[in-house]
Amino acid sequence: MKAHHLLESSVVYTPELHCQVLASSPELYGILDERYEQFRGHTLLAMHNFTTDWATWEIHPHGDEMVFLVSGEIDLLIKSGTAIECVSLNSPGSFVIVPRNSWHTGRVEVAACCLFMTPGEGTRNAVDPEE
């Protein structure tokens, strides 16, 4: 058994709830699609540091995503229909559940570290959530 660090690795939960550790890298999401059948039925546990606003919006059509604040401050903008709600995560341990099929992005207030539980199948990213 080996200890891992979530800033260097991500954990894939298979549909059978087995955990598989993968090294974090720029190629990670391509590997997930290739190795895990477009990530069908899988969930990703990952942690990321942010010093700037997210460059894109994202959406997860096959499940809710949990965003958990480890440190710092971040505002999550969540689009529901035409309305955009701002949820501020400003104390460690605070979290938000982003509903399935909701475009969302982050605005960094203070350098932040967040933990994500993401249903990866069908995830899309866009500069403009209207795309």
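See above for the structure.
All of the points below concern the structure found in this document. (Residues numbered from 1 in each chain as written. Predicted model: local features only at pLDDT ≥ 70, side-chain atom pairs only at ≥ 80, totals over all residues. Heavy atoms only, no water.)

This part takes up the overall build of the protein. In terms of helices and strands, the protein carries 1 helix and 9 strands. The C-alpha atoms of the protein give 14 Å as radius of gyration, which agrees with the globular expectation for 131 residues (14 Å, within 12%). Projected onto the principal axes, the alpha-carbon positions of the protein cover approximately 40 × 30 × 25 Å. Here the protein, with 131 residues, has 42% of them falling under the buried criterion. The long-range fraction of contacts in the protein, counting pairs at least 24 apart against all pairs at least 6 apart in sequence, stands at 71%. As displayed, the protein has an accessible area near 7,600 Å², and 53% of this comes from carbon and sulfur atoms. The protein carries 7 positive and 18 negative side-chain charges, and their two centres are separated by 5 Å. (Helix = DSSP H or I, 4+ residues; strand = E, 2+ residues; numbered from the N terminus. Rg over C-alpha atoms; globule rule 2.2 N^0.38 Å. Buried < 20%, exposed > 50% of the residue type's maximum accessible area, 1.4 Å probe, protein only. Contact = heavy atoms within 4.5 Å. Areas by Shrake-Rupley, 256 points an atom, 1.4 Å probe, with all protein chains shown as cover. Lys, Arg positive; Asp, Glu negative; His and termini not counted. Charge placed at Lys NZ, Arg CZ, Asp CG, Glu CD.)

When the sulfur atoms of two cysteines share a covalent bond, that bond is a disulfide. What the rule picks out here adds up to 0 disulfides. The cysteine Cys113 is free of any disulfide, with Cys114 supplying the nearest cysteine sulfur at 6.7 Å. (Disulfide = S-S within 2.5 Å.)

What follows covers the pairing of strand β2 (residues 19-23). As judged from the 5 bridges shared by strand β1 (residues 9-13) and β2, these two strands associate in the antiparallel manner. Its bridge partner being in β2, Val12 is matched across the sheet by Gln20. Counted along the chain from β1 to the antiparallel partner β2, the turn is 5 residues long, and its residue Leu17 has a positive phi close to 65°. (Pairing = 2+ DSSP bridges.)

Quick look at unusual backbone geometry now. Glycine aside, a negative phi is what most residues show, and trans is what most peptide bonds show. Although it is not a glycine, Leu17 adopts a positive phi angle of roughly 65°. In this structure, Leu17 sits in the loop between β1 and β2. By relative accessible area, Leu17 is classed as exposed at 65%. A positive phi angle is found at Asn101, which is not glycine, with a value near 65°. With respect to the helices and strands, Asn101 occurs in the loop between β7 (95-98) and β8 (103-119). Exposure remark for Asn101: the relative accessible area of 47% places this residue in the partly exposed category.

Let us now look at the nonpolar core. Formed by 15 residues in total, the largest nonpolar core has its most connected members in Phe50, Val67, Ile74, Leu76, Leu89, Val96 and Cys114. The set of elements that each furnish at least two residues to this core consists of β5 (65-80), β6 (83-89), β7 and β8. Looking at which element gives the most residues to this core, the answer is β5, with 5 residues. Apart from residues no more than four positions distant in its own chain, Cys114 is found in contact with Ala46, Met47, His48, Phe50, Val67, Phe68, Leu69, Val70 and Ile74. (Core = buried A, V, L, I, M, F, W, Y, C linked by side-chain atoms within 4.5 Å.)

Here Cys19 is to be found in strand β2. Judged by relative accessible area, Cys19 falls into the partly exposed class, the value being 47%. Taking the C-alpha atoms as reference points, Cys19 and Leu44, separated by 25 residues in sequence, lie 9.6 Å from one another. In this view, Cys19 contacts Val11, Val12 and Tyr13; residues no more than four positions away in its chain are not counted.

A separate point is the side chain of Glu65. Positionally, Glu65 belongs in strand β5. Here His60 takes part through its side chain, which lies 3.1 Å from a polar atom of the side chain of Glu65. Side-chain polar atoms of Glu65 contact the side chain of His104, separated by 2.8 Å. (Polar contact = N/O pair within 3.5 Å; in protein donor to acceptor, adjacent residues only side chain to side chain.)

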